[in-house]
Amino acid sequence: MRVVVDGVSKTFRDKKGKEVTALSQIDFAINKEEFVVLVGPSGCGKSTLLNIVGGLLSPTEGGVYFEGLSAKQDDPRLGIVFQEIALFPWRTVIDNIAFGLEEMGVGKKERLEKAKVYLDMVGLTGFEQAYPKQLSGGMRQRAGIARALAIEPDLLLMDEPFSALDAQTRTLMQEELLTIWSRTRLSTLYVTHNISEAVYLADRVVVLSRHPGRIKEIIPIDLPKAGRDSEEFRVPFDDYVKQIWNLIRQEAEDALKEG
Amino acid sequence: MAEPSKKYIKNKVAFLETKVPGYASLLGIAVILLLWELICRLEWVSPLFLPAPTAILTTGWEMITQGDLLQNVGASLYRIVLGFLLGASVGIAIGLALGFSRWAEAIGSPIVYSLYTIPKIALLPLIVLWLGIGELPKITIIALGVFFPVVINTYSGVKNVDAILIKAAVSFGASHMSVIRKVILPGALPVIFAGLKLAAGTSLLLLVAAEMIAAKQGIGSMVLHYGNLMLTTKLMVGVVVLSLLGLLFNRGLQWLENRLLPWK
Ligand SMILES: Nc1ncnc2c1ncn2[C@@H]1O[C@H](COP(=O)(O)OP(=O)(O)OP(=O)(O)O)[C@@H](O)[C@H]1O
Ligand SMILES: [Mg+2]
């Protein structure tokens, strides 16, 4: 199975009729069991691209398709983890996690059992009956991740899932995400601002440029998935970070000046 | 060397968290009732204008045991409950449609907003003309009065549901029906309840008005009847019953809200 982003462009038209080209001719693919990370300066169209892949926005040109899904399956399953988390405030944690399964028509008993597995996986054991309001930011995002994992998606999409978290929680969540990912090995498209996070998680990093958003470079991270942050790989790790940072730097500075 | 004196920091916003004992909410009412009783006992005003609370209470008891107070209350309850349920359910359904479908919104909202501002009480004679003087016109006018605040609140409640939640639901495969039932309705429910509470007041007003215009039974006609006969104490019983009804209504809605919105 492969997800192909094929010549995607997106032009927004604001109320005054002014056109903004957010994305221009984006071509890349996400392979089976591959973790692809999108990085780029603010406003380069990362969220736009993720929304298009997630079926929440129509591209102006081009399209996104899945290759090699079994013929029986009609629609590819997508699990999205939102930056805004977007848990349903009126549902308990377990019911939030079970939401996708409910919509798939899975029976109550089975879906609660499944939801429980993923609830435990993200470390929320004991919070089944809590409402989102009663959780901390990190716990909420875990619940959001569990909700996306529970449907066993063909593609997992995550838009800056940890950007609202403090630095310590963020580091822990990155480690946990890697552990979970090693278990599930889902094809993943992940958006982040944070370059070390990208190098830490990615099989390949797609660097986008701005105005319009184009692919500047695709960088395979040639390091073992586990233990990338260990002393042994510090030098190559830092080289990757530097390489990506140099690609983004100029534009990030421009973005800052424009406000 | 002298010991330095300690200055503790005080919580300057403690007043925001002041605890109030349970009896406080009865305190104001109790004081008013006492003063009222006193004024009557001292005969500062004639009982024809203002009967004492104790007199109202005993008269009320007599009207329950020997008179037809309960039948009157029953008739009024029947009308208001039916009218309220009818107006509220139609209001919620149409409000959801207006908020969810762009077509329904474009067609329906000008109609709703142009009718909304008509004081419903002004329609009463017309409705009596159309539907006669039975139960139907009374239930209709109450339903109408309830419908508008509910439809408008439901509509704006739906509009205020966070778009990201709808996107989340759709991305997990929710159908349109599912989105309405599992996201839009619960998301709009707090605002819908605000509308229902608003409508509770309106419904009482219209109930009494409708019963005063044309009814043999009901609290409204009872109040008017005793007013004409200058039986002030009995009239006041009706007024007290109305205020209790309002209180009951409000508490009932509050209870339902707490049950339905445990996540708030
Ligand atoms: N709904 C919209 N209408 C008009 N313009 C939009 C809309 N959404 C995004 N844009 C524009 O498209 C460009 C890309 O936006 P997008 O949100 O995808 O950026 P991003 O890379 O996710 O940024 P950030 O890192 O800050 O989240 C921006 O210039 C933005 O102003
Ligand atoms: Mg973004």
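Everything numeric in this text was worked out from a predicted model, so none of it was measured. (Residues numbered from 1 in each chain as written. Chains lettered and ligands numbered in written order. Predicted model: local features only at pLDDT ≥ 70, side-chain atom pairs only at ≥ 80, totals over all residues. Heavy atoms only, no water.)

Undergrad: Whenever I open this one, the interface of chain B and chain A confuses me. Can you help?
TA: A common way to express how large an interface is: the accessible area buried when the components associate. Each partner contributes to the interface: chain B provides 18 residues, whereas chain A provides 21 residues. On the chain B side of the contact with chain A, B:Phe172, B:Lys182 and B:Trp263 bury the most area, a combined 43% of that side's loss. Inspection of the region where chain B meets chain A yields two salt bridges. When the shortest N-O distance is used, the salt bridge between B:Lys182 and A:Glu102 registers 2.8 Å. The tally of links between chain B and chain A comes to five residue pairs in polar contact (both at pLDDT 80 or more). At the level of elements, helix 7 (163-171) and helix 8 (176-213) of chain B are the ones that each hand at least two residues to the side of chain B that touches chain A. Here the side of chain B that touches chain A takes six residues from helix 7 of chain B, the largest share from any one element. (Contact = heavy atoms within 4.5 Å. Buried area = accessible area lost by both parts, 1.4 Å probe. Salt bridge = Lys/Arg side-chain N within 4 Å of Asp/Glu carboxyl O. Polar contact = N/O pair within 3.5 Å; in protein donor to acceptor, adjacent residues only side chain to side chain. Helix = DSSP H or I, 4+ residues; strand = E, 2+ residues; numbered from the N terminus.)

Undergrad: What exactly am I supposed to notice about the site of ligand 1 here?
TA: Residue and element names in this part refer to chain A. Around ligand 1, the neighbouring residues are Phe12, Ala22, Ser42, Gly43, Cys44, Gly45, Lys46, Ser47, Thr48, Glu160 and His193. In the environment of ligand 1, an oxygen atom lies 3.2 Å from a nitrogen or oxygen atom belonging to the backbone of Cys44. Across the complex, the protein chains shield 62% of the 630 Å² of accessible surface that ligand 1 would expose by itself. Counted by class, the shell around ligand 1 contains three nonpolar, six polar and two charged residues. (Near = heavy atom within 4 Å. Areas by Shrake-Rupley, 256 points an atom, 1.4 Å probe, with all protein chains shown as cover. Nonpolar A, V, L, I, M, F, W, Y, C, P; charged D, E, K, R; others polar.)

Undergrad: What should I look at first to understand the nonpolar core in this one?
TA: Nonpolar side chains in soluble globular proteins tend to end up buried together. One finds A:Phe28, A:Leu49, A:Leu189, A:Ile244 and B:Phe84 to be the most contacted residues of the largest nonpolar core, which totals 142 residues. Looking at this core element by element, the count peaks at 17 residues for helix 8 of chain B. Each of domain 1 (29-59 + 155-259) and domain 2 (88-153) of chain A gives at least three residues to this core. Those residues within four positions of A:Phe28 in sequence are excluded, and the remaining contacts are A:Val3, A:Val4, A:Val5, A:Val36, A:Leu49, A:Leu189, A:Val206, A:Ile215 and A:Ile218. With seven residues, the next largest nonpolar core counts B:Phe147, B:Phe148, B:Ile152 and B:Tyr155 among its residues. (Core = buried A, V, L, I, M, F, W, Y, C linked by side-chain atoms within 4.5 Å. Buried < 20%, exposed > 50% of the residue type's maximum accessible area, 1.4 Å probe, protein only. Domains from an automatic or database assignment.)

Undergrad: What is the right way to look at the domain arrangement of chain A in this model?
TA: All names here are of chain A. According to the domain assignment, chain A contains domain 1 (29-59 + 155-259) and domain 2 (88-153). On a C-alpha basis, the centres of domain 1 and domain 2 stand 25 Å from each other. Note on domain 1 versus domain 2: buried area summed over both sides is about 1000 Å², and carbon and sulfur give 75% of it. It is Met173, Ile180 and Leu186 in domain 1 that bury the most area against domain 2; as a group they hold 36% of the surface buried on that side.

Undergrad: It is not clear to me how unusual backbone geometry should be interpreted in this structure. Could you clarify?
TA: Residues other than glycine predominantly adopt negative phi, and peptide bonds predominantly adopt the trans conformation. Residue and element names in this part refer to chain A. Across the junction of His211 and Pro212, the peptide omega takes the value -10°, indicating a cis bond. Position of Pro212 relative to the elements: it lies in the loop between strand 8 (204-209) and strand 9 (214-220). With a phi angle near 55°, Ala86 is a residue other than glycine that sits in the positive phi range. Mapping Ala86 onto the fold places it in the loop between strand 5 (78-81) and helix 2 (93-97). Overall, Ala86 belongs to the buried group, its relative accessible area being 4%. Unlike most non-glycine residues, Glu160 shows phi in positive territory, near 40°. Using a relative accessible area of 8% as the deciding quantity, one classes Glu160 as buried.

Undergrad: When you look at the side chain of A:Glu197 in this model, what are you seeing that I'm missing?
TA: Residues and elements named next belong to chain A. In this structure, Glu197 sits in helix 7 (residues 195-201). Judged by its relative accessible area of 1%, Glu197 is buried. Side-chain polar atoms of Glu197 contact the side chain of Gln174, separated by 2.4 Å. Here Tyr190 takes part through its side chain, which lies 2.8 Å from a polar atom of the side chain of Glu197.

Undergrad: Please clarify how the sheet that holds strand 6 (residues 155-159) of chain A should be interpreted in this entry.
TA: As a general point, the strands of a sheet are linked pairwise by backbone hydrogen bonds and lie either parallel or antiparallel. Residues and elements named next belong to chain A. Pairing in this open sheet of six strands is mixed, and the strands run 5-6-7-3-8-9 from one edge to the other. With partners counted over all chains shown, the strands left at the sheet margins are strand 5 and strand 9, one partner each. In this sheet, neighbouring strand axes are inclined to one another by 15° on average, regardless of whether the strands run parallel or antiparallel. Relative to strand 6, strand 5 runs parallel, the two being bridged by four bridges. (Pairing = 2+ DSSP bridges. Axes fitted to C-alpha atoms, helices over the stretch in contact; angles between N-to-C directions.)

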